[in-house]
Amino acid sequence: SFYYGTFPAGFLWGVGSSAYQTEGAWDKDGKGPSIWDAFTHKKGKVFRNETGDSACDGYYKVKDDIQLLKELKVNHYLLSISWPRIMPTGIKAEQLNEKGIQFYNDTINSLLENNITPIVSLYHWDLPQVLQEKYGGWQNISMINYFNDYANLCFEKFGDRVKHWITFSNPWAVAEKGYETGEHAPGLKLGGCGAYKAAHHIIKTHAKVWHSYNNTWRREQRGMVGISLTSGWGEPVDPHSQTDRDAAERYIQFHLGWFANPIYRGDYPEVMKNYVGRKSAQQGLGTSRLPTFSVQEKTYIKGTSDFLGIGHFTTRYVLQKNFPFLQVSSYHTDHDLAELVDPNWPAPGPKWLYSVPWGFRRLLNFIKTQYGNPLIYVTENGVSETLQCPQLCDEWRIQYLKGYINEILKALNDGVNVRGYTAWSLLDKFEWNKGFSERFGLYHIDFKNKNKPRYPKASVDYYKKIISANGFPNPREVENWHRKAMDTCSATHQHLAADSLITHMEMVTEIVLPTVFTLCILISIVLLIFYLRNHS
């Protein structure tokens, strides 16, 4: 049932985005190539071979996009820094890019001038390509020191103004999609080992960066360093079945626990160690494919998060499924489970993203119980559409945001320590291997128009009302928000249609007129040749 009420005073409301997905300017002003530049430039890696080369042109539209943030009346903006934009090869000793550093300085200053708090992620997947080519990226332990140098440069250059740092955004996807399935950059399929090894190095790197901040910068800058982990919720198909309950627990531990357990409890979840260890032994391997932490490392890693960032999008029903012994090992067969969905769950966009708000409250309560009720910021939550025609009257996104934000309110009443919410995302943007086919934005972008104009969807108006009211005051008011949001989007749709027609006419003018002019010249030349021949 829906719960009417408001959030505590000081609750933070915001939106987010990431560098590679929005900035564009992939090779401008001294920026080095990232693994995503290299990956998207290979044919067949991304839907329709699209790239983030220009993306939303966010590099050139900082002031425009800050106006959108002001329009939304958000308290904070979650952005990421592109490592190769400020350190082209990823190695501090080799080269710094002052223009890249200046870009982020200007962005941070503009946000603060407009009373918007920057929450900054150091890594949203765009590893410098040089580090991938030279060392194998996150498969190599040397990344720990290179990333720590990069993080310390960011603390030095921006830490006087940035007080909320995220070391890694959704490292699960970095490890699993980058080094297990190869769906994401760098596109490696190192089945059964690659993801675990990458994650191991990422966890150690996170801890090193936290200690660097704690020892060198905290006293002066008084900021916080956390990590952002994305996880769905796993609900047992049969809650009375112990095997299904165990399978659902494994689902959470192999996603969230993989990273959260070492940080909050000092080691990988026992169930992960048991399952991967047993499967490794069945393969005849002398050691587990899941690496181990030494006693010193466990102590060093435990407690290295001032807050926990949580990304959450959807839920699955989970049941036990035994995978037969396979010579080819896989992260996905290690946890012996199957995922199901309820066909009645709304699925407004892609096939993976079902709207199941109640799963969010359960996930937040799980975190409270498992990890000692840490300070939580919701760092990513939203829904995409896949329709190719513009969808400004995004009623499904309004329903999604309303449902999921309401579950956070319920979780707060359960005693969960949530301090802020970040809607994902500000803009329609480049969605990794899906290209521009999935759109998460509160603002629509017309990518066919060279100026890439932004248009508010109905969800902008609705989210703005939630922020202003700091929650859901009463049924009548909340219903009124919905009606007004839908009215506003109809007018914006007409504006977009008119702009699209003008853009189309401009394209026609740019292509047709020169073509006609060229044809006229050619015909004139041919006629002149005939004329001269006849008269000679």
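In this text, all values refer to a predicted model and were calculated from it rather than measured experimentally.

## Here's the deal with the overall build of the protein chain
So, point 1. Scanning the protein chain for helices and strands turns up 17 helices and 15 strands.
So, point 2. Against the 2.2 N^0.38 benchmark of 24 Å for 536 residues, the protein chain shows a C-alpha radius of gyration of 25 Å, consistent with a compact globule.
So, point 3. Judged by the C-alpha coordinates and their principal axes, the protein chain covers about 100 × 60 × 55 Å.
So, point 4. Across the 536 residues of the protein chain, 58% fall into the buried class.
So, point 5. In the protein chain, the proportion of contacts linking residues at least 24 apart, taken out of those at least 6 apart, comes to 76%.
So, point 6. Accessible surface, the protein chain as shown: approximately 22,200 Å² in total, 55% of it carbon and sulfur.

## Thoughts on the sheet that holds strand β7 (residues 233-236)
So, point 1. Strand order in the open sheet formed by three strands is β7-β9-β10, and the pairing between neighbours is mixed. Strands at the two margins of the open sheet, each flanked by one partner only, are β7 and β10 (337-340). Ignoring which end each strand starts from, the neighbouring axes of this sheet average 40 degrees apart.
So, point 2. Looking at chain direction, strand β9 (residues 315-320) and β10 are connected through four bridges and run antiparallel. Across the sheet, Tyr-317 pairs through a bridge with Leu-340, a residue of β10.
So, point 3. Along the sheet, helix α10 (residues 242-265) makes contact with β7, β9 and β10, crossing β9 at roughly 130 degrees.
So, point 4. Those strands touched by helix α14 (residues 358-370) are β7 and β9, and its axis lies near 100 degrees from that of β7.

## Describing the environment of Ser-288
So, point 1. Within the secondary structure layout, Ser-288 lies in the loop between α11 (270-282) and α12 (295-301).
So, point 2. Under the relative-accessibility criterion, Ser-288 is labelled partly exposed at 28%.
So, point 3. In the structure, Ser-288 is positioned 93 residues away from Ala-195 in sequence and 13 Å away in space, judged by C-alpha atoms.
So, point 4. Excluding its chain neighbours within four sequence positions, the residues that come into contact with Ser-288 are Val-276, Gly-277 and Ser-280.
So, point 5. A polar contact is formed between the side chain of Ser-288 and the backbone nitrogen of Leu-290, at a distance of 3.0 Å.

## Quick word on the UniProt feature "active site" (unreviewed entry) in the protein chain
So, point 1. If you check UniProt for "active site" (unreviewed entry), the listed places come out as Glu-380 in our numbering.
So, point 2. For Glu-380, the position within the fold is in strand β11 (residues 376-381).
So, point 3. Assessed through its relative accessible area of 7%, Glu-380 is described here as buried.
So, point 4. Those residues in contact with Glu-380, other than ones at most four positions away along the chain, are His-124, Ile-310, Gly-311, His-312, Phe-313, Thr-422 and Trp-424.

## Details of empty space enclosed by the protein
So, point 1. Scanning all chains against the criterion turns up four cavities of 30 Å³ or more.
So, point 2. Counted as a void, the largest cavity has a volume near 230 Å³.
So, point 3. Lining the largest cavity we find 19 residues, and of these Ser-17, Thr-22, Gly-58, Asp-65 and Tyr-77 sit closest to its centre.
So, point 4. At the level of elements, α1 (19-22), α3 (62-72), β3 (76-80) and α5 (98-113) are the ones that each hand at least two residues to the lining of the largest cavity.
So, point 5. By residue class, the composition of the lining of the largest cavity is 11 nonpolar, six polar and two charged.
So, point 6. Taken as a whole, the second largest cavity encloses approximately 70 Å³ of empty space.

The rules behind each value
Residues numbered from 1 in each chain as written. Predicted model: local features only at pLDDT ≥ 70, side-chain atom pairs only at ≥ 80, totals over all residues. Heavy atoms only, no water. Helix = DSSP H or I, 4+ residues; strand = E, 2+ residues; numbered from the N terminus. Rg over C-alpha atoms; globule rule 2.2 N^0.38 Å. Buried < 20%, exposed > 50% of the residue type's maximum accessible area, 1.4 Å probe, protein only. Contact = heavy atoms within 4.5 Å. Areas by Shrake-Rupley, 256 points an atom, 1.4 Å probe, with all protein chains shown as cover. Pairing = 2+ DSSP bridges. Axes fitted to C-alpha atoms, helices over the stretch in contact; angles between N-to-C directions. Polar contact = N/O pair within 3.5 Å; in protein donor to acceptor, adjacent residues only side chain to side chain. UniProt positions renumbered as here; feature names shortened; annotations may be inferred. 1 Å grid on protein atoms, 1.4 Å probe; cavity = no way out; pocket = protein on both sides within 12 Å on 5 of 7 lines; lining within 4 Å. Points joined across faces, edges and corners; volume = space filled by probe spheres on them. Nonpolar A, V, L, I, M, F, W, Y, C, P; charged D, E, K, R; others polar.

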